[in-house]
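Each chain, written out:
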Amino acid sequence: MAEQEITKHTKNLLKTAISSHSWVHKLREILLEMLIIVFAVSISIWFHSLGEHRHEQAQVRSFLLGLKSDLQRDHAQLKEVVRFHHAADQRYASVAALDQNAAPDEKTFEEAWALLNSNNFLVVRQGRYEGFKSAGKLTNIENDTLLEQIIERYEYMAPKLALSSGGWLSEHRRLTDFSEKATADDDSLATRYRALTSSRGKLLLKHMATNPQFYERAQNLAVEDEAIIAAIDKAYPDQGTSQH
């Protein structure tokens, strides 16, 4: 509609310019047509910007609600990871305290041995975040506090936790490599027990204790996830409150 008005008044301006009216009349009519054109252009730009803004915020809404789902899943997985580490700490410590000259409790020891091949770490669901970031759309989030929380979570807090997990996994690989070599020719209970209760085995088992830094970073990430989820719930209350 605005485009039609601009075209119409542009034609009127040209007709006025070549008309036979006095220059005073022409000037007055030309100025009027120009004002109308400027107004129409301004209205057209405003409507376009309004439509673009609505489209951007619809994308932000879709992104944040999707991100909320990602965070809820990460949050649930993180709880499982922390539970695994607490259980693993207890089991590794108990095996490290075994006496090499004592007879092993077969059931308990076999459960501990099975743990050697077990690990658990957070796999952050970040595809949605990375896609929105690479498209240059993160700044469309108008809540600056929420935006800062999201960036802090994905760019700093999650990578820090991954570093802590990486350190534990390195120690885990050293222990599994040792156990595999020690039982390469004889995989009997006695050989397994002798390997893990040796001085080298005990040292590796003690190194399996989860660094307190991991628990601290996991707790910080969990708190941040809850804060982001709460902020998204507040922004879009019609979607209902989250369950976590």
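Please refer to the structure higher up on the page.
Every value quoted in this text rests on a predicted model; they were computed, and no experiment measured them.

Student: Looking at this model, I keep getting lost on the overall build of the chain. Mind explaining?
Tutor: In terms of regular secondary structure, the chain is built from 8 helices and 0 strands. Mapped from its N terminus to its C terminus, the chain presents α and β elements in the order α-α-α-α-α-α-α-α. Long-range pairs, those at least 24 residues apart, make up 82% of the contacts in the chain between residues at least 6 apart in sequence. Carbon together with sulfur atoms contributes 56% to the accessible area of the chain, which is approximately 14,600 Å² in total.

Student: Explanation requested: the side chain of Asn-140 in the structure shown.
Tutor: In this fold, Asn-140 is placed in the loop between helix 4 (127-134) and helix 5 (144-182). Not counting residues up to four positions away in its chain, the partners in contact with Asn-140 are Glu-56, Gln-57 and Val-60.

Student: Can you walk me through the pattern of salt bridges in this structure?
Tutor: Pairing between side chains of opposite charge can happen when the charged atoms of each approach one another. Applying the stated criterion across every chain yields a total of 12 salt bridges. Lys-133 is the partner of Glu-155 in a salt bridge, and the nearest nitrogen-oxygen pair spans 2.9 Å. Taken together, the positions of Glu-155 in helix 5 and Lys-133 in helix 4 put the pair 22 residues apart, joining distant regions of the chain. Exposure remark for Glu-155: the relative accessible area of 30% places this residue in the partly exposed category. Between Asp-225 and Arg-153 there is a salt bridge, with its nearest N and O atoms 2.7 Å apart. Placement of Asp-225 in helix 8 (residues 212-235) and of Arg-153 in helix 5 is noted, with a sequence separation of 72 residues between them. Judged by its relative accessible area of 0%, Arg-153 is buried. Put simply, Asp-74, Arg-125, Arg-153 and Asp-225 are held in one network by salt bridges that share partners.

Student: Honestly, the environment of Leu-175 in this entry has me stumped. Any pointers?
Tutor: If you trace the backbone, Leu-175 turns up in helix 5. A relative accessible area of 0% means that Leu-175 is categorised as buried. Placed 33 residues apart in sequence, Leu-175 and Met-208 show a C-alpha to C-alpha distance of 8.4 Å. Beyond its immediate stretch of four places on either side in the chain, Leu-175 contacts Tyr-92, Leu-116, Leu-196, Leu-204, Leu-205 and Met-208.

Student: Even after reading the chapter, I still don't get the packing of helix 3 (residues 106-115) against helix 6 (residues 189-196), so can you show me in this structure?
Tutor: The description of two helices packed together rests on the angle between their axes and the distance between the axes. Two elements in contact, helix 3 and helix 6, have axes separated by 11 Å at closest approach and are oriented at 65°. Taken together, the axis directions place helix 3 and helix 6 in an arrangement best described as roughly perpendicular. In terms of crossing hand, the pair formed by helix 3 and helix 6 is left-handed. Residues Glu-106, Phe-109, Glu-110 and Trp-113 of helix 3 touch helix 6, and the partners they reach there are Leu-189, Arg-192, Tyr-193 and Leu-196.

Student: Looking at this model, I keep getting lost on the environment of Leu-204. Mind explaining?
Tutor: Here Leu-204 lies in helix 7 (residues 199-206). Looking at Leu-204, the relative accessible area reads 0%, which means it is buried. Sequence separation between Leu-204 and Ala-96 is 108 residues; the distance between their C-alpha atoms is 8.6 Å. For Leu-204, the contacting residues outside a window of four places in its chain are Arg-174, Leu-175 and Phe-178.

Reading the values: the criteria
Along each chain, residues carry numbers from 1 onward, in the same order as the chain's sequence is written. pLDDT decides what is reported in this predicted model: residues at 70 or higher carry local features, side-chain atom pairs at 80 or more are listed and counted, and totals for whole chains, interfaces and linings draw on all residues regardless. Note that water and hydrogens are dropped before the side-chain values are worked out from all heavy atoms of the structure. Strands are runs of DSSP state E lasting at least two residues, helices are runs of H or I lasting at least four, and both sets are numbered from the N terminus onward. Here, two residues are considered to be in contact whenever any of their heavy atoms come within 4.5 Å of each other. Only the protein chains shown count as covering a residue, and every accessible area follows the Shrake-Rupley method with a 1.4 Å probe. Salt bridges are counted wherever a side-chain nitrogen of Lys or Arg sits within 4 Å of a carboxyl oxygen of Asp or Glu. The rule is simple: take the accessible area with a 1.4 Å probe, protein chains only, and divide by the maximum for that residue type; under 20% is buried, over 50% is exposed, in between is partly exposed. An axis is simply a line fitted to the C-alpha atoms; with a helix, the fit covers only the stretch in contact. Between two such axes, the angle follows the N-to-C directions and lies from 0 to 180 degrees. Here the angle decides the label: under 35 degrees means roughly parallel, over 145 means roughly antiparallel, 65 to 115 means roughly perpendicular, and every other value means oblique. In this scheme the crossing of two helices becomes right-handed for a clockwise turn of the near helix relative to the far one and left-handed for an anticlockwise turn of less than a right angle.

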